[in-house]
Amino acid sequence: AAALMLLMMTGTSVAGEADIVGVKAMKASNGTWSFDVTVSHGDEGWDHYANRWDVVAPDGTLLGTRTLLHPHVTEQPFTRSLRGVSVPDGVVSVTVRGNDYVHGTGGREFSVELLN
C-alpha cells in the first residue's frame, strides 16, 4: 500500500499557493504609491513558481500588477517592488494577493492601510 501511495504522489506538486507575507506601502511626492511586497512560495522551477502579485482596491478593482519573470527556488521568501501605482481618492486600504502558474490566484493575502 505504501508503494502504491508513493506512485500516486509522483509528479504531484507540493509548492502550494503563493503567500504574501509582508507589504510596505509608500506614497510618492507625485501622489502615486510604491509597494515592496514579500512573497513566500515553494517554487519548483519553470513549471511551478509564483509569477505575479496584484494590488487590489476594496471594491475589487485591480490597481497594479508586478509580474515575476522567473522562479525563485533558492530565494525564499523574496521581496520585489512596484512603483507608480495610482490609487483613487478615498481608498484607504488595499489588498495584495499572489498568483502562481499551477494554482492561479490564491494563498495568503495581505491587507495594508495607506497612510499619507
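Keep in mind it's a predicted model, so treat the numbers as computed, not measured.

**Q** What is the right way to read the pairing of strand S3 (residues 50-56) from this model?
**A** Most of S3 is tucked away, with six of its seven residues classed as buried. Relative to strand S6 (residues 93-100), S3 runs antiparallel, the two sharing six bridges. Of the residues in S6, the one forming a bridge with Asp54 is Arg97. Examined bridge by bridge, S3 and strand S4 (residues 62-67) share five bridges and lie antiparallel to one another. What sits directly across from Trp53, in S4, is Arg66. Counting the residues between successive antiparallel strands, the hairpin from S3 to S4 contains five residues, one of them, Gly60, with a positive phi of roughly 95°.

**Q** How should I be thinking about the sheet that holds strand S1 (residues 19-27) in this particular structure?
**A** Note on sheets: strands pair through backbone hydrogen bonds, and any given pair is parallel or antiparallel. Judged by pairing direction, the sheet is antiparallel, and its three strands sit side by side in the order S1-S2-S5 without closing on themselves. Bordering the open sheet on either side are S1 and strand S5 (78-85), each of which pairs with just one other strand. The mean inter-strand angle of the sheet, taken between neighbouring strand axes irrespective of direction, is 20°. Note that strand S2 (residues 33-40) and S5 share six bridges and pair antiparallel. By the bridge assignment, Phe35 is partnered in S5 with Leu82.

**Q** How should I be thinking about the pattern of salt bridges in this particular structure?
**A** Opposite charge on two side chains permits them to pair, given that their charged atoms come into close proximity. Considering all chains together, one arrives at four salt bridges under this definition. With a shortest N-O distance of 3.8 Å, Asp19 and Arg108 are connected by a salt bridge. You can see Asp19 sitting in strand S1 and its partner Arg108 sitting in strand S7 (residues 104-113), a full 89 residues away along the chain. The exposure class of Arg108 is partly exposed, given its relative accessible area of 49%. A single network of salt bridges, built from pairs that share partners, joins Arg52, Asp54 and Arg97.

**Q** What am I meant to see in the sheet that holds S4 here?
**A** Spatial ordering of the open sheet is given by S4-S3-S6-S7, a layout of four strands whose pairing is antiparallel. The strands lining the two open edges of the sheet, one partner per strand, are S4 and S7. Taking each pair of neighbouring strands and ignoring which way they run, the sheet shows an average axis angle of 20°.

**Q** So what exactly am I meant to see when it comes to the pairing of S2 here?
**A** Along any regular strand, the residues point their side chains to alternate faces of the sheet. The buried fraction of S2 is high, at seven of eight residues. Pairing of S1 with S2, which is carried by eight bridges, proceeds in the antiparallel orientation. Looking at the pairing, Val23 lines up with Val37 of S2. Where S1 hands over to S2, the hairpin turn is made up of five residues, of which Gly31 adopts a positive phi near 95°.

**Q** Explain the confidence of the model for the chain here, please?
**A** Residues shown with low pLDDT carry predicted positions that ought not to be read at fine detail. Of all residues in the chain, 87% attain a pLDDT of 70 or more, and the chain-wide mean is 85. The lowest-confidence element of the chain is helix H1 (residues 2-9), averaging 40 in pLDDT; the highest-confidence one is S4, averaging 96. Note that pLDDT drops below 50 for residues 1-13; the model gives that stretch two contacts with residues more than four away or on any other chain.

About the cut-offs
Residues numbered from 1 in each chain as written. Predicted model: local features only at pLDDT ≥ 70, side-chain atom pairs only at ≥ 80, totals over all residues. Heavy atoms only, no water. Buried < 20%, exposed > 50% of the residue type's maximum accessible area, 1.4 Å probe, protein only. Helix = DSSP H or I, 4+ residues; strand = E, 2+ residues; numbered from the N terminus. Pairing = 2+ DSSP bridges. Axes fitted to C-alpha atoms, helices over the stretch in contact; angles between N-to-C directions. Salt bridge = Lys/Arg side-chain N within 4 Å of Asp/Glu carboxyl O. pLDDT = per-residue confidence, 0-100. Contact = heavy atoms within 4.5 Å.

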